[in-house]
Amino acid sequence: MTAARTHADTNATEAGTPAGAPGSAPAPGPGPAMDLAPATDAALATGPAIAAGPAPVTDPATGSTTGLAPGLASDPAAGLTTDPGPGPASTTGPGPGPGPTRGPATASAPPRDAATAMATRPAITTGPAPVTVPDPATGLTTGLAPSLAADPVPDPATGLTTGPAPAPARAPAPVPDRATGLTTGPAPAPAPAPAPAPAPVTDRATGLSKDLGPALAASLTSPSPSAPHPLADPLAAPHPLADPLALPGPLVGADWLAARIGAPGLVVFDASLGGHRDAARRIPGARPFDLDGALSDHDAAAPHTMPGSAAFAGAMRDLGVDDTSTVVAYDGAGVYSSARAWWMLRAMGFDRVAVLDGGLPAWLAAGLPVEERAAAYEGPRGSFTARPRSGLLVDAAAVAAALADPAAAVLDARTRERFAGTAPEPRPGLRGGHMPGAVSLPFGDLQDSAGLMRPAAELRAAFEAVAGDRERLYFSCGSGVTACVLALGADLAGYDRLAVYDGSWSEWGVPSPDRPVVTGA
């Protein structure tokens, strides 16, 4: 930045005032006569008298008017010259003419400036008019005497000259501004610097660096307040491609899975039961989630009981599951036992899991490839960590409390005939009927004719038809498997206070006075 120039306003005062010659009288002339009293100061009596007063001179720096003697021209500091020129001084002697007569020139020492006590330069009484020079710092015009016009005056604040340089003229050097690094002054304006190439932007979700174009980089650094760019904060508004394995929800379609088969980090589980278990056909690369094998607690009285956290974590590691894996579970019946695998992983604190909508039948209906072999895994162990969540899998005592809670509902996923006790139980020794206060919602009612889960609005309507406005939902079935289909449907419908009765009817249906049973609708 260029500091503004300041010009000192110096009003030079002559040390001596000329007195009139003895015996002289003002003569008539075209202008008014000036009546000067004889000087009484002996030190001032020797100077020549001034017959006529000079015209006032206006100081351009201050705007004030200064009366100067005829021999004074302009001062170099204020636009005026303060020293008498070498020409003859005007005298008043007795002469016959109507005006003052000129006598011989009287030599005198250059007057001194009263402010500086220094001799001032001889005035220029003839020659061209003073030169006006614009001040580049302030835009004001400064008048300089002709003798000074050839001498450029440097501004100590900026290093720029305020007067024209002698020919050939040289442009003053530009002055760098310390704050911006730009140069100021009359030097030619530099060409604009090319815009720097935008630095690569790292996607927080994937850790990958992306080279963005200048327009996109500008939108990231200066997003519009009304419409921020989706990549402005990847965590707040993730780009759809930030994580290719990011799940759209607890349910994925066959097309979503087919586009990602073989991707690093993707684990596909075949969680089939019954006649579909160990079938010699699998989605490419599928691994077994064996609910009749390692993924049930065989020491428990009821089948398909959830194993302890250590056993479950060990089974997941054996199947190559890492904490960062994305898991998709399917089964050969459609959406049946695959929902159990999804809920068990959720109960162990793992959320990157979804169910394949329609299961293997939907995959085959889409014409997608399969491998003619049973699900298997022979790769390295994973790093899965179990973080059990309380309340997702509950026991008989929690269900009994829910039956007595008017804000909770217990939903039975078995067929209506089994619920009413009109059809026998497939497991021997169990009573027919249902828990007092439970309501019937067969898991098949949540699926369409193709075995796909119904839209969210239809699912919500199905739950409200049996549970009303109750939001805390408990699910039961024969052995805790299809109860998880109800949990999946409720999740899709927007419910979030959900629990599955792990023992289900395999435990409650055992004859016991502590677990009452009723029949009928």
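What you see is a predicted model; the values in this text were computed from it and never measured. (Residues numbered from 1 in each chain as written. Predicted model: local features only at pLDDT ≥ 70, side-chain atom pairs only at ≥ 80, totals over all residues. Heavy atoms only, no water.)

A.B. asks: Please provide a residue-by-residue account of the side chain of Arg340, values included.
C.D. replies: Relative to the helices and strands, Arg340 resides in helix 5 (residues 338-347). A distance of 2.8 Å separates a polar side-chain atom of Arg340 from the backbone oxygen of Gly480. The contact partners of Arg340, leaving out residues within four places of it in the chain, are Leu291, His304, Thr305, Met306, Leu393, Gly480, Val481, Cys484, Val500 and Asp502. (Helix = DSSP H or I, 4+ residues; strand = E, 2+ residues; numbered from the N terminus. Polar contact = N/O pair within 3.5 Å; in protein donor to acceptor, adjacent residues only side chain to side chain. Contact = heavy atoms within 4.5 Å.)

A.B. asks: Could you give an account of the nonpolar core, with specific residues and numbers?
C.D. replies: With 56 residues, the main nonpolar core has Phe289, Phe312, Met316, Phe463, Leu473 and Phe475 as its most contacted residues. Of the residues forming this core, the biggest block, eight residues, is contributed by helix 10 (residues 483-493). Setting aside its immediate chain neighbours within four residues, Phe463 contacts Leu411, Leu441, Leu446, Gly468, Leu473, Phe475, Leu486, Gly489, Ala490, Ala493 and Tyr495. (Core = buried A, V, L, I, M, F, W, Y, C linked by side-chain atoms within 4.5 Å. Buried < 20%, exposed > 50% of the residue type's maximum accessible area, 1.4 Å probe, protein only.)

A.B. asks: Go over the packing of aromatic side chains, please, and point to the residues and values.
C.D. replies: Counted by the stated rule, this structure contains nine aromatic pairs. Centroid distance Phe269 to Phe289: 5.3 Å. Interplanar angle 65 degrees. Geometry classified as edge-to-face. Of this pair, Phe269 sits in strand 11 (residues 266-270) while Phe289 sits in the loop between strand 12 (287-288) and helix 4 (309-318), and the two are 20 residues apart along the sequence. Using a relative accessible area of 0% as the deciding quantity, one classes Phe289 as buried. Centre to centre, the rings of Tyr336 and Phe443 are 5.8 Å apart; their planes meet at 55 degrees, and the pair counts as tilted. On the criterion of sequence distance, the pair formed by Tyr336 in the loop between strand 13 (326-330) and helix 5 and Phe443 in the loop between strand 17 (439-440) and helix 9 (456-467) is long-range, its members being 107 residues apart. Looking at Tyr336, the relative accessible area reads 32%, which means it is partly exposed. By way of ring pairs, the aromatic residues Phe269, Phe289, Phe312, Phe350 and Phe384 are connected into one cluster. It is Arg414 that lies over the ring of Trp505; its NZ or CZ is 4.3 Å from the centre. (Phe/Tyr/Trp six-rings, centres within 6.5 Å; stacked < 30°, edge-to-face > 60°. Lys NZ or Arg CZ within 6 Å of the ring centre and 35° of its normal.)

A.B. asks: Talk me through the environment of Gly391; I want residue IDs and the actual numbers.
C.D. replies: Inspection of the secondary structure assignment puts Gly391 in the loop between helix 6 (359-365) and strand 15 (393-394). Counting along the chain gives 107 residues from Gly391 to Leu498, while the straight-line C-alpha distance between them is 8.1 Å. Excluding residues that lie within four positions of it along the chain, Gly391 makes contacts with Arg472, Leu498 and Ala499.

A.B. asks: Account for the pattern of salt bridges, with residues named and values stated.
C.D. replies: For the structure shown, the criterion picks out 17 salt bridges. With a closest N to O distance of 2.6 Å, Arg277 and Asp290 form a salt bridge. Note that Arg277 is positioned in the loop between strand 11 and strand 12 and Asp290 in the loop between strand 12 and helix 4, a separation of 13 residues in sequence. A relative accessible area of 30% places Arg277 in the partly exposed class. With relative accessibility at 21%, the residue Asp290 sits in the partly exposed group. Linking Glu425 and Arg414 is a salt bridge whose minimum nitrogen-to-oxygen distance equals 2.8 Å. Pair noted here: Glu425 is in the loop between helix 8 (416-420) and strand 17 and Arg414 is in the loop between strand 16 (408-412) and helix 8, with a separation of eleven residues, a long-range link. When its relative accessible area of 12% is taken as the criterion, Glu425 is described as buried. (Salt bridge = Lys/Arg side-chain N within 4 Å of Asp/Glu carboxyl O.)

A.B. asks: Requested: an account of the sheet that holds strand 19 (residues 497-501), with residues and values cited.
C.D. replies: If you walk across this open sheet you meet the five strands as 15-19-18-16-17, and the pairing is parallel. Only two strands of the sheet have a single neighbouring strand rather than two, namely strand 15 and strand 17. Sheet topology note: the strand 18 (residues 472-476)/strand 19 ladder contains four bridges and is parallel. Looking at strand 19, one finds that Leu473 is bridged to Leu498. Running at roughly 115 degrees to strand 19, helix 5 makes contact with strand 15 and strand 19 of the sheet. (Pairing = 2+ DSSP bridges. Axes fitted to C-alpha atoms, helices over the stretch in contact; angles between N-to-C directions.)

A.B. asks: Explain the pairing of strand 14 (residues 353-356) to me, and be specific about the residues and the numbers.
C.D. replies: Successive side chains on a regular strand alternate, one facing one side of the sheet and the next facing the other. With two bridges joining them, strand 10 (residues 251-252) and strand 14 adopt parallel strand pairing. Of the residues in strand 14, the one forming a bridge with Val252 is Leu356. Here three bridges tie strand 13 to strand 14, and the two strands are oriented parallel to one another. Among the inter-strand pairings, Ala329 is bridged to a residue of strand 14, identified as Val355. Since strand 13 and strand 14 lie parallel, the crossover through helix 5 that links them has a hand, and here it is right-handed. (Right-handed = clockwise from strand over helix to strand, strands pointing away.)

A.B. asks: An account of helix 4 is requested, with residue identities and associated values reported.
C.D. replies: Burial in helix 4 covers these residues: Phe312, Ala313, Gly314, Ala315 and Met316. Summarising the contacts, the buried residues of helix 4 are in contact with strand 11 and helix 5. Gly320 lies just past helix 4 and shows a positive phi near 80 degrees.

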